[in-house]
Amino acid sequence: MKQSTLFIDKAISAANSYWKAYSKVPFLVAMEKGTLSQDAFRDYIVQDSLYLRAYLKCFGYAVAKSRTLREMQLFYEALGYVSDGENKTRLAYLEEFGLSDADIDEMTLKPVGKAYAEFLLTTAKQGTVEDIVMVTMPCLMGYYDVFTTLVERSPHLAHGYYAPMVADYTSSRYAAYIESWRQEVERLCAGLDNERQAALIDLFVEASRHELAFWKMLL
Ligand SMILES: Cc1ncc(C[n+]2csc(CCO)c2C)c(N)n1
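Just so it is clear, the structure is predicted and the values come from calculations on it, not from any experiment. (Residues numbered from 1 in each chain as written. Predicted model: local features only at pLDDT ≥ 70, side-chain atom pairs only at ≥ 80, totals over all residues. Heavy atoms only, no water.)

On to the layout of surface pockets, then. A volume near 190 Å³ is recorded for the second largest pocket. Around the second largest pocket sit Ile 12, Trp 19, Met 141, Tyr 144, Asp 145, Ala 175, Ile 178, Glu 179 and Arg 182, which together line it. Among the secondary structure elements, those contributing two or more residues to the lining of the second largest pocket are helix 8 (129-153) and helix 10 (172-189). It is helix 10 that provides the largest number of residues to the lining of the second largest pocket, a total of 4 residues. Broken down by class, the residue content of the lining of the second largest pocket amounts to 6 nonpolar, no polar and 3 charged. (1 Å grid on protein atoms, 1.4 Å probe; cavity = no way out; pocket = protein on both sides within 12 Å on 5 of 7 lines; lining within 4 Å. Points joined across faces, edges and corners; volume = space filled by probe spheres on them. Helix = DSSP H or I, 4+ residues; strand = E, 2+ residues; numbered from the N terminus. Nonpolar A, V, L, I, M, F, W, Y, C, P; charged D, E, K, R; others polar.)

Written out as structure tokens, the structure is:
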């Protein structure tokens, strides 16, 4: 296979050791085997709901830091996409546990999730649009990678209790969304000098490390 020269693929290669580990974490293996407890899944939905609030704010910062109207629209749309798309499934699970987003507002992230959220928000506050993009991509792209790997390995996941969640992250709509971000990353980062590119890859790797820690925090 011809090796990709896209900037995003360079970043994913640099974070390869983390990405390879995602689908092997105890939480996901238990989900796959059908042994995950309701308590552990509830905890995930709660922690993830809290995490997503920080994640959404990053796109808010990106809107404010945009240099063109097109960039503003890109991040405004990303905010909408994450808030609507992701939310429906998450809200349905939350409801099943007798919780609402208002309840979540009163809850707190565990230290590992908090460290990830703080890393995202510090980068968003201090950084440029490119920094924000590279720090938010491991979440968006990593989930596609994780859930496509999982259903390939265990096709039954496309049907059971976790089906709505699995469908969200493996759909052709989601695949197209990822593809559009791969191209945006290229437009934004391909022309930057080596030093800037290296710094952006470092941010991507660091966010990937936090993603893995988040998965490991859950079980
Ligand atoms: C810790 C953590 N990391 C990644 C995601 C996945 N995710 C968050 S926003 C988004 C974009 C599309 O809705 C995706 C895929 C998550 N939920 N929680």
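Moving on to the pattern of salt bridges. The final tally for this structure, using the stated rule, is 14 salt bridges. The partner of Arg 67 in a salt bridge is Glu 71, and the shortest N-O contact between them spans 2.9 Å. Given a relative accessible area of 9%, Glu 71 falls into the buried group. In the salt-bridge network here, residues are joined through shared partners; they are Arg 53, Arg 90, Asp 101 and Asp 105. (Salt bridge = Lys/Arg side-chain N within 4 Å of Asp/Glu carboxyl O. Buried < 20%, exposed > 50% of the residue type's maximum accessible area, 1.4 Å probe, protein only.)

What follows covers the nonpolar core. Within soluble globular proteins, side chains that are nonpolar generally end up buried alongside one another. Counting 80 residues, the largest nonpolar core has Phe 27, Phe 41, Phe 147, Trp 181 and Trp 215 as its most contacted members. Sorting elements by how many residues they give to this core places helix 8 first, with 14 residues. Residues contacting Phe 27, with those up to four places away along its chain left out, are Leu 36, Ala 40, Phe 41, Tyr 44, Trp 215, Leu 218 and Leu 219. (Core = buried A, V, L, I, M, F, W, Y, C linked by side-chain atoms within 4.5 Å. Contact = heavy atoms within 4.5 Å.)

It is worth spelling out helix 1 (residues 7-14) at this point. Residues of helix 1 that are buried: Phe 7, Ile 8, Asp 9, Ala 11 and Ile 12. In this structure, the buried side of helix 1 is in contact with helix 2 (16-22), helix 8, helix 10 and helix 11 (194-217).

Looking now at the packing of helix 7 (residues 111-126) against helix 8. Two elements in contact, helix 7 and helix 8, have axes whose closest approach is 8 Å; the angle formed by their N-to-C orientations is 155°. Between helix 7 and helix 8, the angle falls in the class roughly antiparallel. Note on packing geometry: the crossing formed by helix 7 with helix 8 is left-handed. Packed against helix 7, whose contacting residues are Tyr 116, Phe 119, Leu 120, Thr 123 and Ala 124, the element helix 8 presents Asp 131, Ile 132, Val 135 and Cys 139 at the interface. Along the lines of polarity and charge, the residues of the contact of helix 7 with helix 8 split into 7 nonpolar, 1 polar and 1 charged. (Axes fitted to C-alpha atoms, helices over the stretch in contact; angles between N-to-C directions. Parallel < 35°, antiparallel > 145°, perpendicular 65-115°, else oblique. Left-handed = near helix turned anticlockwise from the far one by under 90°.)

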